[in-house]
Amino acid sequence: MDFKVPSIVCQYGSDCYRVNPHHFNEYSHPHIETLLSNVESINQVVVPEQTKINKSVFEEQIRIVAKQFPHLADGIEYSTNESEVVDTGATSLKHVSSETKPSPAPPTENKNVFERGFVEHRTEKATETEESIPVPVSEPEDVDTEASLRAGGSSTPVINDYFLVVAPKGRMAQKLAAAEPYNFFLTTITDSEPTHSEPLSVTFLELLDSSLGQLESSVQIICLVDIEWLLANYYFAGYKNLPLLILYGLETPEPLMESMKKPNVTAIKVDIKTPFGVHHTKMGLYGYRDGSMRIVISTANLYENDWHNRTQGLWISPRLPAVPEDADTAFGESVTDFRSNLLAYLDAYKFPQLQPWMARIRRTDFSDVKVCLVASVPGEHVDTLKKPQNHWGHPQLGYLLEKYAAPIDDSCPLVAQSSSIGIFGPTPESWIFGEIMANFGKSSAPVGTRRMPAFCMIYPSYSNVEQSHDALLGGGCLPYERDMHSKQEWLKAYLHQWCSRSRNRNKAMPHIKTYCRWSHRGLYWFLLTSANLSKSAWGVYNKAGRFEKPLRINSYEAGVLFLPKLLLDEDFFPMEADKKHPQFPMPYDVPIIPYAPEDTPFFIDYLRKEDEEELD
């Protein structure tokens, strides 16, 4: 075995958070190697107090480097005794046998991963401050995907060495058919074994399953992407050389470098004109060899942690066939105008690389799509309330609810649930009741008879996160700050716990975003979206406008609205077992549970370096 330390030094030095052994085979980490070379035995290694990353991550890195390069110190011991530990001065880590192949390490949260949440969170904070939040940059992996997969020494990559949960192949089409009419799934949770076999749980690899169609090309429209992880999924699905277009939001050299190395990959950074916006959409376009295609709208980014122990939601469209060659251009439109609204959304990017896909969409039959696209694009949108189609943000939702939602009981509250909270203002009337509820509260009831509904918000409390699969590290996707909360403490009266025992996700912290209204009669409507409850995602009217007040939106967002009238020809979705229709698969338990007086929201501050003493 070649124990030579790589000659290329990892450009992120002591900030490196990777725990993939292949990364340490390719890049040198002098700060770790020096530690090991100065001791006689691995159990003498002590993690420095000033380490920039989480201690548990550093422990794992030491274990990996010690195993791969045991020659670093002449007297270093690498025992096969499993009782040997790395002494970190805080927690101890068992050492595995050098004769035993290590199981794949689960994705590990760390300082840099926490900060990724701020990329999606910049817009909320920016409404009251122009202080930008630093964005981390992922290190490039300058290797071919297959070579990277084989870096561990195996001549043939083995899928179970790279993915912690692997679903049986060839069954996704059957699973999707059984999910009709909602086609609403949650991601599989690594540490919740019941979710591995649930009919409404999926892995990302299942989206590429051959039973859904023989893939010809695809587009991933995303905020954050780990190109190595994404291409590994395509590799194991058998599609490593097919055309892949990636539109991404996070500033990182990784996708661009991969596109320069691999002619089949085109990666485009989506620039936002306002410094406070973010490309936040999570959408996949999948084109099949027979001319059909499929749309997937999700809340999960394309990197490993988002598909590990976080609750995420996905809507997967039916397989959409190509329209007949002699068909009229209007043929195949959805009753919800999904096709024209999707085209309007894609056109907002102004990327020539999307033109072939837009042409394909125009020649695709969307008549089986019974959900509505609700999207946001950056800009100041004038006449938003007057346009019957192709408007954005909360006015678009209001238009659809007014057109399709049954008259709603006034006592039925709006229940918002998101993984980030914006700055709403000093009182509930500042934006929640003063602006956004005017559209979220709409239905087909006559205007004069509607009243403002009550408001509830589900956001994990500190105790929710503390009991999660990853303990406090599970809050890495919840970037609400203590300082922000101090400006709107009135919000606590509206906050409710995250509780999802019925879906086996009580300990899987939510990165999903949903909005809905229900009563004892049933569910009036349900929205799954990338949009957190924030002004930048949903829009805020520019009060300074001289005539009509333009709606200012900072971010790209996309979601799907489920309406009983369109999906079931009913006024309500059943929220319990029903002989006539399937129960709507709510992602959390109903009734919802309000915060107790002693509860506080989880603040990302708990995971910062200055709060380590509080965590220990």
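Here the structure is a predicted model, which means the values were calculated and not measured. (Residues numbered from 1 in each chain as written. Predicted model: local features only at pLDDT ≥ 70, side-chain atom pairs only at ≥ 80, totals over all residues. Heavy atoms only, no water.)

## Some thoughts on the environment of Ser555
Stage number 1. When you line up the elements, Ser555 lands in the loop between β21 (551–553) and β22 (557–562).
Stage number 2. Residue classification places Ser555 among the buried positions, given a relative accessible area of 0%.
Stage number 3. A C-alpha to C-alpha distance of 6.6 Å links Ser555 and His280, two positions 275 residues apart in sequence.
Stage number 4. A polar contact is formed between the side chain of Ser555 and the backbone nitrogen of Val278, at a distance of 3.2 Å. (Helix = DSSP H or I, 4+ residues; strand = E, 2+ residues; numbered from the N terminus. Buried < 20%, exposed > 50% of the residue type's maximum accessible area, 1.4 Å probe, protein only. Polar contact = N/O pair within 3.5 Å; in protein donor to acceptor, adjacent residues only side chain to side chain.)

## Side note on the pairing of β22
Stage number 1. When you tally the buried positions in β22, you get six out of six residues, the bulk of the element.
Stage number 2. Residues Glu557, Gly559 and Leu561 line one face of β22 and the alternating positions Ala558, Val560 and Phe562 line the opposite face, and both faces are buried.
Stage number 3. Sheet analysis places strand β12 (residues 372–376) next to β22, joined by five bridges and oriented antiparallel. Looking across to β22, one finds that Val374 is bridged to Gly559.
Stage number 4. Pairing of strand β19 (residues 522–529) with β22, which is carried by four bridges, proceeds in the antiparallel orientation. Opposite Phe526, over in β22, you have Phe562 as the bridge partner. (Pairing = 2+ DSSP bridges.)

## Quick look at unusual backbone geometry
Stage number 1. The step from Glu180 to Pro181 runs through a cis peptide bond, and the omega angle for that step is 5°.
Stage number 2. With respect to the helices and strands, Pro181 occurs in the loop between α6 (172–178) and β3 (184–187).
Stage number 3. Residues Val590 and Pro591 are joined by a peptide bond in cis, for which omega reads 10°.
Stage number 4. Within the element layout of this structure, Pro591 appears in the loop between α16 (564–567) and α17 (612–615).
Stage number 5. The phi dihedral of Asn183 is positive, around 55°, even though this residue is not glycine.
Stage number 6. Relative to the elements of secondary structure, Asn183 occurs in the loop between α6 and β3.

## Notes on the confidence of the model for the protein chain
Stage number 1. When the pLDDT values of the protein chain are averaged, the result is 82; 77% of them are 70 or greater.
Stage number 2. Under a pLDDT of 50 for its full length, residues 74–119 has, in the predicted model, 121 contacts with residues more than four places off or in other chains.
Stage number 3. For the stretch residues 122–143, pLDDT sits under 50, and the model shows 77 contacts to residues farther than four places along the chain or on other chains. (pLDDT = per-residue confidence, 0-100. Contact = heavy atoms within 4.5 Å.)

## Examining helix α2 (residues 30–37)
Stage number 1. Burial in α2 covers these residues: Ile32, Glu33 and Leu36. Within α2, the buried residues cover an arc of 95° as seen down the axis, which keeps them to one side. (Arc of directions from axis to C-beta.)

## With respect to the nonpolar core
Stage number 1. Trp525, Leu533, Trp538 and Phe562 are the most contacted members of the largest nonpolar core, which has 112 residues in total.
Stage number 2. At six residues, β19 tops the list of elements feeding residues into this core.
Stage number 3. Core analysis: the next-biggest nonpolar cluster, separate from the first, contains 38 residues, Ile159, Phe204, Tyr286 and Trp307 among them. (Core = buried A, V, L, I, M, F, W, Y, C linked by side-chain atoms within 4.5 Å.)

## Notes on the packing of helix α9 (residues 338–347) against helix α10 (residues 355–362)
Each packed pair of helices is defined by two parameters, the angle between the axes and the distance between the axes.
Stage number 1. At their nearest, the axes of α9 and α10 sit 10 Å apart, and the two run at 170° to each other. By the criterion of interaxial angle, the relationship of α9 to α10 is roughly antiparallel. Touching Arg339, Leu342, Leu343, Leu346 and Asp347 of α9 are Met358, Ile361 and Arg362, all from α10.
Stage number 2. Of the residues assigned to the contact of α9 with α10, the class counts are five nonpolar, no polar and three charged. (Axes fitted to C-alpha atoms, helices over the stretch in contact; angles between N-to-C directions. Parallel < 35°, antiparallel > 145°, perpendicular 65-115°, else oblique. Nonpolar A, V, L, I, M, F, W, Y, C, P; charged D, E, K, R; others polar.)

## Observations concerning the pairing of strand β18 (residues 514–519)
The two faces of the sheet receive side chains in turn, since in a regular strand these alternate between them.
Stage number 1. The buried count for β18 comes to six of six residues, which makes it a mostly enclosed element.
Stage number 2. The alternating pattern of β18 places Thr514, Cys516 and Trp518 and Tyr515, Arg517 and Ser519 on opposite faces, both of which are buried.
Stage number 3. Bridge count for strand β14 (residues 414–417) against β18 is four bridges, and the pairing is antiparallel. Each bridged residue has a counterpart across the sheet, and for Ala416 the counterpart in β18 is Tyr515.
Stage number 4. Where β18 meets β19, six bridges bridge the pair, whose relative direction is antiparallel. Each bridged residue has a counterpart across the sheet, and for Tyr515 the counterpart in β19 is Leu527.
Stage number 5. Taken together, β18 and the strand that follows it, β19, pair antiparallel across an intervening segment of two residues.

## Looking at the pattern of salt bridges
Stage number 1. Under the counting rule described, the total for this entry stands at nine salt bridges.
Stage number 2. A salt bridge links Glu216 to Arg360, with the shortest nitrogen-to-oxygen separation between them at 3.0 Å. Placement of Glu216 in strand β5 (residues 215–221) and of Arg360 in helix α10 is noted, with a sequence separation of 144 residues between them.
Stage number 3. The exposure class of Glu216 is partly exposed, given its relative accessible area of 34%.
Stage number 4. On the accessibility criterion, Arg360 (16% relative accessible area) is buried.
Stage number 5. Residues Asp483 and Lys487 are paired through a salt bridge, measuring 2.9 Å at the closest nitrogen-oxygen approach.
Stage number 6. A relative accessible area of 38% means that Lys487 is categorised as partly exposed. (Salt bridge = Lys/Arg side-chain N within 4 Å of Asp/Glu carboxyl O.)

## Let's talk about the sheet that holds β19
Stage number 1. Spatial strand order, β12-β22-β19-β18-β14-β15-β16: seven strands in an open sheet with mixed pairing. Here the strands that pair on one side only, and so sit at the sheet edges, are β12 and β16 (495–496).
Stage number 2. Packed onto the sheet, α9 meets β12 and β22 and runs at close to 20° relative to β12.
Stage number 3. The strands touched by helix α11 (residues 393–404) within the sheet are β12, β19 and β22, with β12 carrying the most contacts at an inclination of about 160°.

## Notes on the sheet that holds strand β13 (residues 379–381)
Stage number 1. What the three strands build is an open sheet, ordered β13-β21-β20; its pairing is antiparallel. Each edge of the open sheet carries a strand with a single partner, namely β13 and β20 (540–541).
Stage number 2. Summarising the sheet, β20 and β21 pair through two bridges and their orientation is antiparallel. Bridging from a neighbouring strand, Tyr541 pairs with Leu551 of β21.

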